[in-house]
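Observations on chain architecture
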Amino acid sequence: MSLKLDIVLKIDFNIQYQYQLQSNKFFTNNTMTKPLIADTKPQLMTLKPGKYYWCSCGSSSKQPFCDGSHQGTSFTPMEFTITEEKKVAMCLCKDTKNTPFCDGSHASL
Ligand code: FES
């Protein structure tokens, strides 16, 4: 009985470890409690009018936008709308208090 439990625990650990190695995304599972820092500087870009989904978990490979990588975590993308074309500084450190835009918080990471 004890032997079976040990084997299950080792397999679970290995699956999680393999996932982390393959994706190069540590803590991207349902135990993730803090967002990953995608970058320590904002991404400057011009957005056209439309609806966007900002990645709040930091795992997306399409920063600053969601690519679905948050699945299995408690994070969800933040929907926001741009009404007229404008230049923006998108937060990539995920520590901003002005989501989804940079508020300079990356300077104190
Ligand atoms: S991938 Fe980060 S919120 Fe969706």
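Before reading on, note that the structure itself is shown above.
Throughout what follows, the structure given in this document is the object of discussion. Within each chain, residues carry numbers counting from 1 in the order of the written sequence. Local features in a predicted model are, by the rule used here, given only for residues with pLDDT of at least 70; side-chain atom pairs are given and counted only at 80 or more, and totals for whole chains, interfaces and linings are based on all residues.

**A short note on the overall build of the chain**
What counts is decided by this rule: For helices the rule is a DSSP run of H or I covering at least 4 residues; for strands it is a run of E covering at least 2, with both sets numbered from the N terminus onward. Whether a residue is buried, exposed or partly exposed follows from its count of other C-beta atoms within 10 Å of its own C-beta, namely 20 or more, 12 or fewer, or something in between, respectively; the C-beta atoms are built from the backbone. For the purpose of contact definition, each residue receives a C-beta atom placed from its backbone, and two residues are in contact when these atoms lie within 7 Å.
Counting secondary structure elements, the chain contains 1 helix and 4 strands. Ordered by position from N to C terminus, the α and β elements of the chain give α-β-β-β-β. Put simply, the chain has 109 residues, and 20% of those count as buried. Long-range contacts, defined here as pairs at least 24 residues apart, represent 51% of the contacts in the chain between residues at least 6 apart.

**Some words on the environment of Ser-105**
Looking at where Ser-105 falls in the secondary structure, it is placed in the segment after strand E4 (86–90). For the pair Ser-105 and Thr-40, spaced 65 residues apart in sequence, the C-alpha to C-alpha distance is 9.1 Å. Leave out the neighbours within four places in its chain, and Ser-105 touches Cys-93, Asp-95, Thr-96 and Lys-97.

**Concerning the pairing of strand E1 (residues 43–47)**
To keep things clear, this is the line we draw: At least two bridges found by DSSP between two strands is the condition for calling them paired.
Across the 5 residues that make up E1, only a small minority, 0, are buried. Direction of pairing for E1 relative to E4: antiparallel, over a ladder of 5 bridges. What sits directly across from Met-45, in E4, is Val-88.

**Brief notes about unusual backbone geometry**
Cis geometry marks the peptide bond from Gln-63 to Pro-64; its omega dihedral reads 5°. By the element assignment, Pro-64 lies in the loop between strand E2 (50–54) and strand E3 (78–82). For the bond from Thr-99 to Pro-100, the omega torsion is 5°, close enough to zero to count as cis. Secondary-structure assignment places Pro-100 in the segment after E4. Its identity as a non-glycine residue notwithstanding, Lys-94 has a phi of 65°, on the positive side. When you line up the elements, Lys-94 lands in the segment after E4.

**Concerning the environment of Cys-102**
As for its position among the elements, Cys-102 is in the segment after E4. A residue is classified by how many C-beta atoms lie within 10 Å of it, and Cys-102, with 22 of them, is buried. Along the primary structure Cys-102 and Val-88 are separated by 14 residues, whereas in three dimensions their C-alpha atoms are 8.5 Å apart. Excluding residues that lie within four positions of it along the chain, Cys-102 makes contacts with Pro-42, Ala-89, Met-90, Cys-91 and Thr-96.

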